[in-house]
Amino acid sequence: MQHGIMARTVFDKGKIEPMQKGKSMKKIFTASVLCCAVILQACAPAATPQQQAQRQHNIACATGTIGGALIGGAIGNQFGGGTGRDIFTASGAGAGALAGQAYAC
């Protein structure tokens, strides 16, 4: 009986270790890609005042839309039960996104 347990333990340890190595490798790769993106962005030409104003407007619109969706989804989640709750949450998120976009843009 103990022989079967030992075999399972060794087998399980062999399965877990490669998964952990793969996850850490993905984290290193993701961090490397993000660092390269930041470095390349720093090499971009300076934005004109019009481009900066447009970028700020776009950020404000996106923030309003995302914030509205989060608030609307949280409010919609308070109603219904089961699949009804899911429908209310999705509807609230959609309505909140529209309202947030209308307000921010």
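One structure accompanies this document, and this report is about it. Predicted model, so just to flag it, every value in this text is computed and none were measured.

Bringing the overall build of the protein chain into the picture now. Each helix and strand counted, the protein chain has three helices and zero strands in total. Each helix (α) and strand (β) of the protein chain, taken in turn from the N terminus, gives the series α-α-α. In the protein chain, which comprises 105 residues, the proportion classed as buried is 10%. Counting only contacts in the protein chain whose residues sit at least 6 apart along the sequence, the fraction spanning at least 24 positions is 53%. A total of about 8700 Å² of accessible surface is found on the protein chain, and carbon and sulfur atoms cover 69% of it.

For any two helices packed against each other, the geometry is given by the interaxial angle and the distance between the axes. Packing of helix α2 (residues 49–76) against helix α3 (residues 83–104) leaves a shortest axis separation of 6 Å and a crossing angle of 150°. In terms of orientation, α2 and α3 fall into the roughly antiparallel class. Crossing angle aside, the handedness with which α2 passes α3 is right-handed. Contact residues: A60, C61, G64, T65, G68, A69, G72, G73 and G76 in α2; R85, F88, T89, G92, A93, G96, A97, G100, Q101 and A104 in α3. Partitioned by chemical class, the residues of the contact of α2 with α3 number seven nonpolar, eleven polar and one charged.

As enumerated under the stated definition, the model contains one aromatic pair in all. A centroid spacing of 6.2 Å and a plane angle of 55° characterise the contact between F79 and F88, whose relative ring orientation is tilted. When its relative accessible area of 43% is taken as the criterion, F88 is described as partly exposed.

With respect to the secondary-structure elements, T65 resides in helix α2. By relative accessible area, T65 is classed as partly exposed at 24%. For the pair T65 and G94, spaced 29 residues apart in sequence, the C-alpha separation works out to 9.4 Å. Other than its neighbours up to four places away in sequence, T65 contacts A97, G100 and Q101.

Parameters at a glance
- Residues numbered from 1 in each chain as written.
- Predicted model: local features only at pLDDT ≥ 70, side-chain atom pairs only at ≥ 80, totals over all residues.
- Heavy atoms only, no water.
- Helix = DSSP H or I, 4+ residues; strand = E, 2+ residues; numbered from the N terminus.
- Buried < 20%, exposed > 50% of the residue type's maximum accessible area, 1.4 Å probe, protein only.
- Contact = heavy atoms within 4.5 Å.
- Areas by Shrake-Rupley, 256 points an atom, 1.4 Å probe, with all protein chains shown as cover.
- Axes fitted to C-alpha atoms, helices over the stretch in contact; angles between N-to-C directions.
- Parallel < 35°, antiparallel > 145°, perpendicular 65-115°, else oblique.
- Left-handed = near helix turned anticlockwise from the far one by under 90°.
- Nonpolar A, V, L, I, M, F, W, Y, C, P; charged D, E, K, R; others polar.
- Phe/Tyr/Trp six-rings, centres within 6.5 Å; stacked < 30°, edge-to-face > 60°.

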